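# Breakdown of the fold
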Amino acid sequence: MNSRISRRRFVAGAAAASLLAGCDSYPVKSFLRAMKDWNANFEAAIFSPARLAPEPPESAVTPEAAFPEYFISDEAPEVPPNWFLTVGGLVDRPGRFTLAQLQAMPPIAMRVRHHCVEGWSAVASWRGLRVSDLAKVVGLKPGVRYVEFRSFDSGYWSSWDLASAMHPQTLLAWGMNGHPLTTGHGAPLRVYSAVKLGYKMCKYLAEVNFLAEKTGGYWEDQGYDWFAGV
Ligand SMILES: Nc1nc2c(c(=O)[nH]1)N[C@H]1C(S)=C(S)[C@@H](COP(=O)(O)O)O[C@H]1N2
Ligand SMILES: [Mo]
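Analysis parameters
- Residues numbered from 1 in each chain as written.
- Chains lettered and ligands numbered in written order.
- Predicted model: local features only at pLDDT ≥ 70, side-chain atom pairs only at ≥ 80, totals over all residues.
- Heavy atoms only, no water.
- Near = heavy atom within 4 Å.
- Polar contact = N/O pair within 3.5 Å; in protein donor to acceptor, adjacent residues only side chain to side chain.
- Nonpolar A, V, L, I, M, F, W, Y, C, P; charged D, E, K, R; others polar.
- Helix = DSSP H or I, 4+ residues; strand = E, 2+ residues; numbered from the N terminus.
- Buried < 20%, exposed > 50% of the residue type's maximum accessible area, 1.4 Å probe, protein only.
- Pairing = 2+ DSSP bridges.
- Contact = heavy atoms within 4.5 Å.
- Axes fitted to C-alpha atoms, helices over the stretch in contact; angles between N-to-C directions.
- Salt bridge = Lys/Arg side-chain N within 4 Å of Asp/Glu carboxyl O.

Attention shifts here to the site of ligand 1. Of all residues adjacent to ligand 1, which total 22 residues, the nearest are Pro 68, Asp 153, His 185, Arg 190 and Lys 203. With respect to ligand 1, the side chain of His 185 contributes an N or O atom lying 2.7 Å from an oxygen atom. Lys 203 is positioned such that a nitrogen or oxygen atom in its side chain is 2.4 Å from an oxygen atom of ligand 1. The class makeup of the residues in the shell around ligand 1 is 13 nonpolar, 5 polar and 4 charged.

In structure tokens:
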């Protein structure tokens, strides 16, 4: 069975959504934008960084053949030769990390139910390091409020509020169900989190940047909710 959901269908859905949202008059636009900001602020205010999301039981794990693979590129992007993760922004020790260096940081395993706005959800067990542990290694400067994740998959990216990125269930994952990530699921490294919707969880990671400003995102800039908490 082919579990890949056509990118075209997703793009068509997004186009329809933006048509619906396509109110041209300025006051309507600014009202909608104000409502969106209000909504994001409200969601951020009720988000509790300490509260752990419950893990689905082992029996809830989705057979891998039935776990959809989603990417905006036409083909699942291959890992570039000599891949490394670049970590920068407002940090004391910016740097590049090989996969081996990242795998040497304390690994965390968690089962998470993935929610995609396209209307599917699926469960896997993910393994990787906490974004908060990476933050300790590079040292955040005062003024960091957002974390930006950038992919080598057609320039896909997403920016997150710092609290959600520092949540103990937000990982840079290199393993899925006991094996390394496959290209379909974001090899060699991706974001995985119990506190965000699927489109915030960048696959094919290339960069992590700790920033003072939010920088939108691939779907977020096309009208999807920026905070996108689960
Ligand atoms: N680089 C990159 N990351 C991405 C995407 C993408 O197209 N490119 N799609 C997002 C969406 S919409 C979802 S639902 C999940 C899908 O993850 P999966 O393919 O492992 O199921 O990845 C997210 N991260
Ligand atoms: Mo998605």
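Next comes the rest of the account.
Further remarks concern unusual backbone geometry. Following Ala 187, the chain continues to Pro 188 via a peptide bond in cis, the omega torsion being 5°. Inspection of the secondary structure puts Pro 188 in the loop between strand S8 (179–180) and strand S9 (190–193). With a phi angle near 55°, Asn 82 is a residue other than glycine that sits in the positive phi range. Along the chain, Asn 82 turns up in the loop between helix H2 (26–46) and strand S1 (85–89). Residues other than glycine seldom take positive phi values, yet Ala 228 does so here, at roughly 50°. Considering the arrangement of structural elements, one finds Ala 228 in the segment after strand S10 (205–211).

Once that is clear, we can look at the pairing of strand S5 (residues 146–151). S5 sits mainly inside the fold: 5 of its 6 residues count as buried. Sheet topology note: the S5/S10 ladder contains 6 bridges and is antiparallel. What sits directly across from Ser 151, in S10, is Leu 205.

On to the environment of Ala 124, then. Within the element layout of this structure, Ala 124 appears in strand S4 (residues 120–130). Residues Ala 124 and Val 61 lie 63 residues apart in sequence; the distance between their C-alpha atoms is 5.3 Å. Residue contacts for Ala 124: discarding those within four places in its chain leaves Val 61, Phe 67, Met 110, Arg 111, Val 112, Met 176 and Asn 177.

Another aspect to go through is the side chain of His 114. Relative to the helices and strands, His 114 is located in strand S3 (residues 108–116). Residue classification places His 114 among the buried residues on the basis of a relative accessible area of 7%. Engagement of the side chain of His 114 in a polar contact is seen with the side chain of Tyr 192, the distance being 2.5 Å. The contacts of His 114, once residues within four sequence positions are left out, are Phe 67, Trp 120, Ser 121, Ala 122, Arg 190, Tyr 192, Gly 198 and Met 201.

In spatial order, the strands read S2-S1-S10-S5-S6; together these 5 strands make up an open sheet with mixed pairing. Across the chains shown, the open sheet's two edge strands, defined by having one partner strand only, are strand S2 (95–97) and strand S6 (157–161). Neighbour to neighbour, the strand axes of the sheet diverge by 20° on average, direction disregarded.

Across all of its chains, the model carries 6 salt bridges by this definition. The closest approach of N and O atoms between Glu 58 and Arg 111, which form a salt bridge, is 3.6 Å. Of this pair, Glu 58 sits in the loop between H2 and S1 while Arg 111 sits in strand S3; the two residues are 53 residues apart in sequence, bridging distant segments of the chain. Classification of Arg 111 by relative accessible area gives partly exposed; the value is 22%. Across the pair Asp 133 and Lys 136 runs a salt bridge, and its minimum N-O distance is 3.2 Å. Pair noted here: Asp 133 and Lys 136 are both in helix H4 (residues 131–138), with a separation of 3 residues, about one helical turn. Looking at Asp 133, the relative accessible area reads 15%, which means it is buried.

These results come straight from atomic positions and should not be treated as a statement about function.
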